[in-house]
Amino acid sequence: MGEKITERLVDLGSFVYAVVEKEEGAAKPLPNTKQIFCDVSNWEDTYKKMYDIGPVHGLVNNAGVAVIESFFDVTEHGWDKTLNINARALVRISQAVAKNMIDAGIKGSIVNISSTISTRAIPDHTTYCASKGAVNQITRTMAIELGKYGIRTNNVNPTVVLTRMGKIAWSDPEKSGPIMRRIPLGRFAETDDIANAVIFMLSDYSTMVNGTALVVDGGFLAG
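We now turn to the structure provided with this report. Predicted model, so just to flag it, every value in this text is computed and none were measured.

## Some thoughts on the packing of aromatic side chains
And step 1. Taken as a whole and assessed by the stated rule, the structure comprises four aromatic pairs.
And step 2. Aromatic pair Tyr47 and Tyr51: ring centres 6.0 Å apart, planes at 10°, arrangement stacked. With Tyr47 and Tyr51 both in helix H2 (residues 43-53) and four residues apart, this pair spans about one turn of that helix.
And step 3. Assessed through its relative accessible area of 24%, Tyr47 is described here as partly exposed.
And step 4. Residue placement shows Arg120 over the ring face of Phe220; its charged tip is 5.1 Å from the ring centre.
And step 5. In this structure, Arg182 is placed above the aromatic ring of Phe220, and the distance from its NZ or CZ to the ring centre is 6.0 Å.

## A word on the sheet that holds strand E4 (residues 109-113)
And step 1. What the four strands build is an open sheet, ordered E3-E4-E5-E6; its pairing is parallel. Each edge of the sheet is formed by a strand with only one pairing partner; in this case those strands are strand E3 (58-61) and strand E6 (213-216). Pairwise comparison of adjacent strand axes, ignoring direction, gives a mean angle of 20° for this sheet.
And step 2. The sheet contact formed by E3 and E4 spans four bridges and is parallel. If you follow Val60 over to E4, its bridge partner there is Val111.

Cut-offs used in this document
- Residues numbered from 1 in each chain as written.
- Predicted model: local features only at pLDDT ≥ 70, side-chain atom pairs only at ≥ 80, totals over all residues.
- Heavy atoms only, no water.
- Phe/Tyr/Trp six-rings, centres within 6.5 Å; stacked < 30°, edge-to-face > 60°.
- Helix = DSSP H or I, 4+ residues; strand = E, 2+ residues; numbered from the N terminus.
- Buried < 20%, exposed > 50% of the residue type's maximum accessible area, 1.4 Å probe, protein only.
- Lys NZ or Arg CZ within 6 Å of the ring centre and 35° of its normal.
- Pairing = 2+ DSSP bridges.
- Axes fitted to C-alpha atoms, helices over the stretch in contact; angles between N-to-C directions.

Next up, the structure:
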């Protein structure tokens with residue numbers, strides 16, 4: 001999703017700082033982008049690298065992991081890794097970016113990628129559901145505290161997204177079937193579907209939207 005969002009923003013004339021975990025094996029940067037190599041689970045290094053970028057007008061918190069473990073099999077490693085990347089890192093990155101926005105007088109937009117299973121749980125996703133539920137509440141709190149500076153914070157909450165990894169992870173009909181049957185549109189989301197929602201939330205078309213979630217799920221949560 002990050003690659004698609006970056007591509008679409010560049011096509012619209014934006015300059016994008018793309019945060020990448022490791023330089024080794026990283027994709028070649030697109031024109032009008034700069035890669036920032038950062039392990040976002042590192043509290044201090046993350047803040048410094050994000051702050052050193054300087055003022056930007058928009059932030060998309062898209063970094064995420066999913067450690068698939070049943071409830072009784074949840075491990076300390078799986079719990080810590082998932083919460084650190086999906087929730088804690090989001091806070092630390094946003095602190096640095098919002099500080100720069102405020103100092104520069106920028107009325108910016110922050111978009112956090114959450115999930116439909118932040119509110120409707122599915123089996124074997126205890127830590128992921130917990131982390132995305134945390135994202136929802138972090139977003140609401142940010143919206144309240146940053147709103148006075150003119151900075152908007154919102155969620156985009158997708159259903160299953162057919163990224164390269166998503167296509168593999170949800171290829172088994174026994175696993176994907178129960179969710180697919182709950183989606184009235186009869187399909188999972190494509191990366192462009194998520195990019196469309198993110199671009200709307202970043203843009204001036206959503207200047208009065210703050211502290212909410214744009215659900216991109218084909219109707220999954222409606223039933």
